[in-house]
Amino acid sequence: MVSLSEVRTHNASLSSLAPNLVAVFVGGTSGISHYTALEFARNTRSPHIYLVGRNATEAANIINELKSINSSSKVDFIQKDVSLLRKVDEACREIKDKEKKVNLLFMTIGYLTFKGRNETEEGLDHKFALHYYARSRFMHNLAPLLDAAAKDEDPKATLSRVVSIYDPALGKNNDFDFSDPSLKHNFSLRNCATHGSALGNFAMEHLAKQWPTTSFIHEQPGIVETSGGRNPWLKPIYALLSPFSVSKKESGERHLFEATAPRYAPRAKAESVQGVVNGGDGVKGSGHYQLSWNGEAQSDTTRAAKMRADGAEEKMWAHTTEVFQKICDEGGKY
């Protein structure tokens, strides 16, 4: 476990980085993205923060909060329903029109539901789209800007990282249905959770090879109060779990650490970093990391290793690009 004192010492050192770092928080108007954006503003110099979400009222409040923490912060809100991949593309175009580089892409989008499959106009399940397809589209679209940040002439401006908050363990401890990756025919909440996790794991494994100057993190955040805690039906559950939960402040601090600490180095730089951890494939410094809430790297599993040996990375990314082509390139449904 990474101690909270180590987290805070590291975060305090971020003021030595170059000013004007650019961070994109997808799901930034609530929960863990919100808490992490606050810590990013608190610990960096003149950051440029993008909040991507749907709630303009919450965004306005958070922008004021960020400005009160760091008056030199520049904050932009991009209002989009990113359960639609074409809206993801619109959000990314807005960022690309303004920025030549992005240092951090931080994603928490998703929601709790007990309903069955609920298709968007693009033919994907709404929950599944948020937990995987939208996130992979953001990674795909912004990878060149993350790569540009990694190659900045100023070594103090080369932070280049993607953090996706979900749960890497689900996808490497349960069976994946390769005959129905988008779950058109075998949808259940359990299968949705497993597929979203597994696709996320192997997408990051693929992208860490394609973009070796960027590091990719898939993290399970533990129990943290998010916007779901405001739901009157869920408040008793949060109250019951509160003795075991991570505070909003600590969650933000720990996620900022994961978003910036050298121990999670990109593949191309790992050999020169002391204390770099094992990647999701069990290889030290492989550039894609699967973490528990406390910053510890999760081990690879026998099931995941077999999936990898059977070509899971290639098969899953081929499926992902097929979805992108039909929805984003052809303007149709999947």
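Because the structure is a prediction, the values reported are computed rather than measured.

The subject of this paragraph is the packing of aromatic side chains. Tallied over the full model, the rule gives 8 aromatic pairs. Ring centres of Phe25 and Phe106 lie 5.6 Å apart, and the angle between their planes is 50°; this geometry places the pair in the tilted category. Here Phe25 is found in strand S1 (residues 22–26), whereas its partner Phe106 is found in strand S4 (residues 104–107), with 81 residues between them in sequence. Classification of Phe25 as buried rests on a relative accessible area of 0%. Aromatic pair Phe128 and Tyr133: ring centres 5.0 Å apart, planes at 55°, arrangement tilted. Each member of the aromatic cluster is reached from another via a ring pair, and the members are Phe25, Phe40 and Phe106. Stacked on the ring of Tyr111, the Lys or Arg Lys127 has its end atom at 5.7 Å from the ring centre. For Arg137, the ring lying beneath its charged end belongs to Phe324, and the centroid distance is 4.7 Å.

The final tally for this structure, using the stated rule, is 2 cavities of 30 Å³ or more. Lining the largest cavity we find His131, Tyr132, Arg135, Ser136, Met139, Ser164, Tyr166, Gly196, Gly200, Met204 and His218. When contributions to the lining of the largest cavity are tallied by element, the ones reaching two or more residues are helix H5 (126–150) and helix H7 (189–210). At 5 residues, the largest contribution of residues to the lining of the largest cavity is made by H5. Forming the walls of the second largest cavity are Lys172, Asn201, Phe202, Glu205, Gln290, Asp300, Ala304 and Arg308. Counting only elements with at least two residues in the lining of the second largest cavity, the list comes to H7 and helix H10 (302–309). Each residue belonging to the lining of the second largest cavity can be placed in one class, and the counts come to 2 nonpolar, 2 polar and 4 charged.

Bringing the nonpolar core into the picture now. In this structure, Val26, Leu85, Leu105, Phe138 and Met139 are the most contacted members of the largest nonpolar core, which totals 50 residues. Broken down by secondary-structure element, the contributors of at least two residues to this core are S1, strand S2 (48–53), helix H4 (85–98), S4, H5, H7 and helix H11 (312–329). With 11 residues, H5 is the largest single contributor of residues to this core. With sequence-adjacent residues up to four places away left out, Val26 is seen in contact with Ser33, Val52, Val82, Leu105, Phe106, Met107, Thr108, Ile109 and Phe138. With 36 residues, the next largest nonpolar core counts Ala23, Phe40, Leu51 and Leu256 among its residues.

Approximately 390 Å³ is the volume attributed to the second largest pocket. Surrounding the second largest pocket, 17 residues form its lining, Thr158, Leu159, Arg161, Thr260 and Pro262 being those nearest its centre. Partitioning the lining of the second largest pocket into residue classes produces 8 nonpolar, 6 polar and 3 charged.

This paragraph deals with H5. Most pronounced at Leu142, the bend in H5 amounts to some 50°, and the proline Pro144 follows within four residues. Across the 25 residues of H5, 22 count as buried, placing the element largely inside the fold. The residue sitting at the N-terminus of H5 and contributing the capping side-chain oxygen is Asp125; that oxygen lies 3.2 Å from the backbone nitrogen of Lys127.

Moving on: the sheet that holds strand S5 (residues 161–165). Read from one edge of the open sheet, 7 strands run S3-S2-S1-S4-S5-S6-S7, paired in parallel fashion. Each edge of the open sheet is held by one strand with a lone partner, namely strand S3 (74–79) and strand S7 (288–291). Here the average twist between neighbouring strands, direction ignored, is 15°. Summarising the sheet, S1 and S4 pair through 4 bridges and their orientation is parallel. Each residue of the ladder has a partner; that of Val26, found in S4, is Met107. Seen against the sheet, H5 touches S1, S2, S4, S5 and strand S6 (215–219) and runs at an angle of roughly 170° to S4.

Cut-offs used in this document
- Residues numbered from 1 in each chain as written.
- Predicted model: local features only at pLDDT ≥ 70, side-chain atom pairs only at ≥ 80, totals over all residues.
- Heavy atoms only, no water.
- Phe/Tyr/Trp six-rings, centres within 6.5 Å; stacked < 30°, edge-to-face > 60°.
- Helix = DSSP H or I, 4+ residues; strand = E, 2+ residues; numbered from the N terminus.
- Buried < 20%, exposed > 50% of the residue type's maximum accessible area, 1.4 Å probe, protein only.
- Lys NZ or Arg CZ within 6 Å of the ring centre and 35° of its normal.
- 1 Å grid on protein atoms, 1.4 Å probe; cavity = no way out; pocket = protein on both sides within 12 Å on 5 of 7 lines; lining within 4 Å.
- Points joined across faces, edges and corners; volume = space filled by probe spheres on them.
- Nonpolar A, V, L, I, M, F, W, Y, C, P; charged D, E, K, R; others polar.
- Core = buried A, V, L, I, M, F, W, Y, C linked by side-chain atoms within 4.5 Å.
- Contact = heavy atoms within 4.5 Å.
- Bend = angle between axes of the 7 residues up to and from the residue.
- Polar contact = N/O pair within 3.5 Å; in protein donor to acceptor, adjacent residues only side chain to side chain.
- Pairing = 2+ DSSP bridges.
- Axes fitted to C-alpha atoms, helices over the stretch in contact; angles between N-to-C directions.

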